[in-house]
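Residue-level structural notes
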Amino acid sequence: MLMLFTAACVGPAATPAADGSFAVHFIDVGQADAALVVCDGQTMLIDGGNREDSSLIYTYLKDENVTHLDYVVATHAHEDHIGGLPGALNYATVGTALCSVTEYDSGVFETFVEQLAKQGKQIQVPKAGDSFELGSAKVQVVGPVRQSDDPNNMSLVLRIEYGETSFLFTGDAEREEEQNILEAGFDLESTVLKVGHHGSENSTTYPFLREVMPEYAVISVGEGNSYGHPTPESLSRLRDAGATILRTDENGTIICTSDGETVSFVTESGWAEENQAQEGKGMEYVLNNGANKFHDPDCESVDTIKPQNLGSFFGTREELLARGYSPCGNCKP
Ligand SMILES: [Zn+2]
Ligand SMILES: [Zn+2]
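Reading the values: the criteria
Residues numbered from 1 in each chain as written. Chains lettered and ligands numbered in written order. Predicted model: local features only at pLDDT ≥ 70, side-chain atom pairs only at ≥ 80, totals over all residues. Helix = DSSP H or I, 4+ residues; strand = E, 2+ residues; numbered from the N terminus. Rg over C-alpha atoms; globule rule 2.2 N^0.38 Å. Buried ≥ 20, exposed ≤ 12 C-beta atoms within 10 Å, placed from the backbone. Contact = placed C-beta atoms within 7 Å. Domains from an automatic or database assignment. Nonpolar A, V, L, I, M, F, W, Y, C, P; charged D, E, K, R; others polar. Core = buried A, V, L, I, M, F, W, Y, C linked by C-beta atoms within 7 Å. Arc of directions from axis to C-beta.

1. A few points about the overall build of the chain
When you go through the chain residue by residue, the secondary structure sums to ten helices and 20 strands. Over its C-alpha trace the chain gives a radius of gyration of 19 Å, about what one expects of a compact globule, namely 20 Å for 333 residues. Its C-alpha atoms put the chain at 60 × 45 × 40 Å along the principal axes. In the chain, which comprises 333 residues, the proportion classed as buried is 49%. Partitioning the intrachain contacts of the chain with sequence separation of at least 6 by distance along the chain shows that 70% fall at a separation of at least 24.

This is the structure in structure tokens:
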């Protein structure tokens, strides 16, 4: 089955760069979280999976040629979020490391802090309401709003705006933190929601969903996990909200791209089947390797591509999306 969706979105208009690009890679790390956000050449890794995912994260960054991470975000101290981050730190240099705490009593957390120290870095603790730029995207910290004894409810919650599309990353936030964020009154409406706590029953409450109103919900979860995630309750709330659900246990790695107006998804399961179906098929595309865009050969913007960035490709649209290229907004190939 080819998983390919697009959605038109309405929202406040920020302007992405004319030849800008935006992608979120929800990396399949089983019962854990890891998402790589790439905007206009700047990068942010939000969580890194379990300790045994370290080499997977290392290899993923290597394959994507990400030698520098402008931001590394450890949403909270649990192993399934920070365990694999040392793999990232072994491959890439880090600009800023964010977490909601600077200390936590676990060997995995200590390893993370030591790896940062090797690069001369320390964890920075942002406050709800802080914001920063990632390329032409705007990132706002919307949680945690209050201190909690439960590490899940200390999850850093980030909302990213790229043009008229938006993305909400909730870590393992549950009802308590969702409620606090709602009370703080942040704009939460998002095209894509990274569902809280792997689809646990105590996350993704109706009041929260009513504010987020996601068109797509991505659940990072392990096949046959012992927690029963995602629970039927959270799935049914997401369906009630009208969200299209994607899951790493069923879809594998999920890549979402945005052109600032619409988002589209390709998935590991989708492109594997598509590649088989399309074997020997395909068409000619023109590439802009500077902007990571692909064009119909007849597109007017092809003439404006700098010669050093010009490339050509014979194959399928899905292959290009899987390689991180996004379609031109004019010729919509
Ligand atoms: Zn978790
Ligand atoms: Zn957790």
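Having seen it, we continue.
2. A word on the domain arrangement of the chain
Split into domains, the chain comes out as domain 1 (20-269) and domain 2 (278-327). In this assembly, seven residues from domain 1 lie in contact with eight residues from domain 2. When its residues are assigned to classes, the side of domain 1 that touches domain 2 shows three nonpolar, two polar and two charged.

3. Some details on the environment of Val 145
Position of Val 145 relative to the elements: it lies in the loop between β9 (137-143) and β10 (157-162). Since 21 C-beta atoms lie within 10 Å of it, Val 145 is described here as buried. For the pair Val 145 and Gly 129, spaced 16 residues apart in sequence, the C-alpha separation works out to 8.8 Å. Discounting chain neighbours no more than four positions away, the residues touching Val 145 are Ala 128, Asn 180, Ile 181 and Ala 184.

4. A word on the nonpolar core
Counting 82 residues, the largest nonpolar core has Ala 35, Val 37, Val 73, Ala 88, Leu 158 and Val 218 as its most contacted members. Of all the elements, strand β3 (residues 34-39) adds the most residues to this core, at six residues. Two domains each put at least three residues into this core: domain 1 (20-269) and domain 2 (278-327). Among residues more than four places away in sequence, those in contact with Ala 88 are Leu 45, Gly 48, Ile 57, Tyr 58, Leu 61, Leu 69 and Val 72.

5. Quick look at helix α7 (residues 232-240)
All of the buried residues in α7 are Ser 234, Arg 237 and Leu 238. Buried residues of α7 fall within an arc of 100° about the axis and therefore sit on the same side. Opposite the buried face of α7, at more than 90 degrees from it, the exposed residues are Pro 232, Ser 236, Arg 239 and Asp 240. As for α7, its buried residues are in contact with α6 (206-212), β13 (216-219) and β14 (244-247). Two residues or fewer after α7 comes Gly 242, characterised by a positive phi angle close to 85°.

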